[in-house]
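# Architecture at a glance
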Amino acid sequence: MVVLDGASDRPGGGQKTPLEAASTPNLDTLVRRGALGSMFTVGKGIAPESDAGVFSLLGYDPLQIHLSRGVVESVGAEVDFHDGDLALRAGFATVDGDKLVDRRAGRNLSTGEARELATAVNHEVRLKNGTRFHFQATVGHRAVMVFRANSDKFSSEISNFDPAYVRSGQISIAQPGAPQYDIPRCNPLDDSLEAIKSAAMVNEFGFKTRQALDSHPVNLQRRKQGKKPANFVLMRDAGTTKPRVQNFREKWGLKAAMIADLPAELGIGRLLGMDVREISPGTSLEDYRRRAELVLRSAGEYDFVYVHLKGPDEPGHDGLYDLKKERIEEIDGGFFSHLRMAAKLQRTVLCVTCDHSTPWKDKGHSDDPVPVLVAGGSMKPDGSSRFTETSASLGHFEKMERGSMLLPRLKQTAA
């Protein structure tokens, strides 16, 4: 299963989508061997985060799991977490006055810069009730926050300290992007003392990080270079317990590998007991070639191999049409060119899909359906020629209301 993160877009409006505009001769060859369909990764009307989308693609309904992106990413980043702690997905951002002007600090924060800033936060920020915490930078602007349990109990029933994602039941729903936002506040979602205290603690930490970061040498240098300072920390998707999910091999009878480079996917793989193959982030042709080689090596060792390719999602968030198209072409030239030529693939059921749509005009995840390609096994070619949103809507492979229906269908195809 090859997942093109956020590659899907919204067709129509007089302009081709990046998938439609991209030159993808290698993926086109694979499409001609199989059939296309489409699906809502989590459910109709839901614009999912990546963690919910990936859980669903692996056959787990995220609407039925007590899911926390914070806990998932803490596991993925191998940050010490125990039930009772409060974990949140975090990220460096830019504030100016009373406005949040960039949720990703220009998306050019290096991992080295982020680690320096995280060290300052851990050394300088002190919470008034003495609560201990660990703040860890992961990749680029991304980070993980874990508040350590003490005599006070924490609650995950708090709103996101990030205006781009709104809590809805067990998951967060992505909101369309905006040029700027009011600086967020975390609010309790119920009347419990634990939720009230947890929300207050998140607010305190968030605003104290601004004091620690605003005049940090890293940010002084970034301003000199004309870059946005990483002077604020956003947090979302709180959790106090690890998801109780059945081991992937026990559930599906498949020995499985997860190939990914970011904490969300790595955490899901670890939580499900998959063999995790962590790779360095990168979007060059050489980066994608290495991923393809790892997939092909793993295909002989495992019954099921999942590979997550992040490239197209970020330019979708940033509203960069041409770069999103370019990232798709890089995947085709570096990754699918090697898969297309592999004799081993002729004996394998291949699925290509997306964890969600990220329309470049919206600058955020959407509830649009994503295309699905299935080739090999008992799947007969349906005459499709291109992996696009419109072609998928016309393909002969079934239209699915939930991504959690996909893996059982793939097992049937492989039988």
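Structural data are supplied above this passage.
Residues numbered from 1 in each chain as written. Predicted model: local features only at pLDDT ≥ 70, side-chain atom pairs only at ≥ 80, totals over all residues. Heavy atoms only, no water.

## Focus: the nonpolar core
Convention followed: Think of a nonpolar core as a cluster: buried Ala, Val, Leu, Ile, Met, Phe, Trp, Tyr and Cys residues, connected wherever their side-chain atoms sit within 4.5 Å. To sort residues, take the accessible area from a 1.4 Å probe on protein chains only and compare it with the maximum for the residue type: under 20% means buried, over 50% means exposed, and anything in between is partly exposed. Pairs of residues are marked as contacts when any of their non-hydrogen atoms sit within 4.5 Å.
Leu58, Phe147, Phe205, Phe248 and Phe335 are the most contacted members of the largest nonpolar core, which totals 119 residues. Setting aside its immediate chain neighbours within four residues, Phe205 contacts Val121, Val125, Leu127, Phe133, Phe135, Met145, Phe147, Val233 and Met235. Within the second largest apolar cluster, 7 residues are counted, among which are Val71, Ala77, Val144 and Val146.

## As for the sheet that holds strand 11 (residues 256–260)
Operational definition: Strands are treated as partners if at least two bridges between them are detected by DSSP. In this description a helix means any DSSP run of H or I spanning at least four residues, a strand means any run of E spanning at least two, and both kinds are numbered starting from the N terminus. Axis definition: a line fit to C-alpha positions, over the contact stretch in the case of helices; interaxial angles, taken between N-to-C directions, run 0 to 180 degrees.
With mixed pairing, the 7 strands of this open sheet are ordered in space as 2-15-14-1-13-11-12. Two strands in the sheet have a free side with no partner beyond their single neighbour: strand 2 (34–39) and strand 12 (275–278). For this sheet, the mean inter-axis angle between neighbouring strands, taken without regard to orientation, is 15 degrees. Both strand 11 and strand 12 contribute to a ladder of 4 bridges, which runs parallel. Considered in strand 12, the bridge of Ile259 is made with Arg277. This element, helix 9 (residues 263–271), spans strand 11, strand 12 and strand 13 (304–309) of the sheet and lies at about 160 degrees to strand 12. Packed on one face of the sheet, helix 10 (residues 285–299) meets strand 11, strand 12 and strand 13 and runs near 170 degrees to strand 13.

## Thoughts on the side chain of Ser298
Residue position: Ser298 is located in helix 10. Filtering out sequence-adjacent residues up to four positions away, Ser298 remains in contact with Ile259, Arg277 and Val305.

## Section: the packing of aromatic side chains
Describing an aromatic ring pair means giving the distance of the ring centres and the angle of the ring planes. Under the convention used in this document: For this analysis, a ring pair means two rings from Phe, Tyr or Trp (six-membered ring only for Trp) whose centres lie within 6.5 Å, classed as stacked if their planes differ by under 30 degrees, edge-to-face if by over 60, and tilted for the remaining angles.
A full pass over the atoms with the stated rule returns 12 aromatic pairs. The interplanar angle of 85 degrees and the centroid separation of 5.7 Å between the aromatic rings of Phe147 and Phe205 together place this pair among those described as edge-to-face. Taken together, the residues span a long stretch of sequence, with Phe147 in strand 6 (residues 142–147) and Phe205 in helix 6 (residues 193–213) at a distance of 58 residues. Note on accessibility: Phe147 and Phe205 belong to one class, buried. An angle of 85 degrees between the planes, with centres 6.0 Å apart, marks the rings of Phe161 and Phe207 as edge-to-face.

## Re helix 3 (residues 50–57)
Most of helix 3 is tucked away, with 8 of its 8 residues classed as buried. Of the positions making up helix 3, those classed as buried are Ser50, Asp51, Ala52, Gly53, Val54, Phe55, Ser56 and Leu57. Once helix 3 ends, the next one or two residues include Gly59, with phi positive near 90 degrees.

## Some details on unusual backbone geometry
A positive phi is found at Glu78, a non-glycine position, where the angle reads about 60 degrees. Locating Glu78 in the fold gives a position in the loop between helix 4 (69–76) and strand 3 (86–96). On the basis of relative accessibility, which here comes to 60%, the residue Glu78 falls in the exposed class. For Ala105, which is not glycine, the phi torsion reads 50 degrees and is therefore positive. Positionally, Ala105 belongs in the loop between strand 4 (99–102) and helix 5 (111–124).

## Details of the pairing of strand 11
Stated precisely, the cut-off is as follows: If the strands point away from the viewer and the path from the first strand over the helix to the second runs clockwise, then the crossover is right-handed.
Within strand 11, 5 of the 5 residues are buried, leaving the element largely enclosed by the surrounding structure. Taking every second residue as pointing to the same face, both faces of strand 11 are buried, with Ala256, Met258 and Ala260 on one and Ala257 and Ile259 on the other. Across 4 bridges, the pairing between strand 11 and strand 13 is parallel. Across the sheet, Ile259 pairs through a bridge with Val307, a residue of strand 13. In this region the chain leaves strand 11, passes through helix 9 and returns to the parallel neighbour strand 12; the handedness of that crossover is right-handed.

## Side note on the pattern of salt bridges
Note the threshold: Salt bridge, as used here, is a side-chain nitrogen of Lys or Arg placed within 4 Å of a carboxyl oxygen of Asp or Glu.
One pass over the full model with this rule turns up 36 salt bridges. Among the salt bridges present, the one from Glu314 reaches Arg142, with a minimum N-O distance of 2.4 Å. Taken together, the residues Glu314 in helix 11 (residues 313–317) and Arg142 in strand 6 connect sequence positions 172 residues apart. The class of Glu314 is buried, set by a relative accessible area of 19%. Judged by relative accessible area, Arg142 falls into the buried class, the value being 9%. Between Arg236 and Asp162 there is a salt bridge, with its nearest N and O atoms 3.5 Å apart. Here the residue Arg236 occupies a position in strand 10 (residues 232–239), and Asp162 occupies one in the loop between strand 6 and strand 7 (165–168), the gap between them amounting to 74 residues. Arg236 gets classed as buried once you look at its relative accessible area, which sits at 6%. One salt-bridge network, in which partners are shared between bridges, spans Glu49, Asp51, Arg69, Glu73, Arg89, Arg103, Asp162, Arg236 and Asp237.

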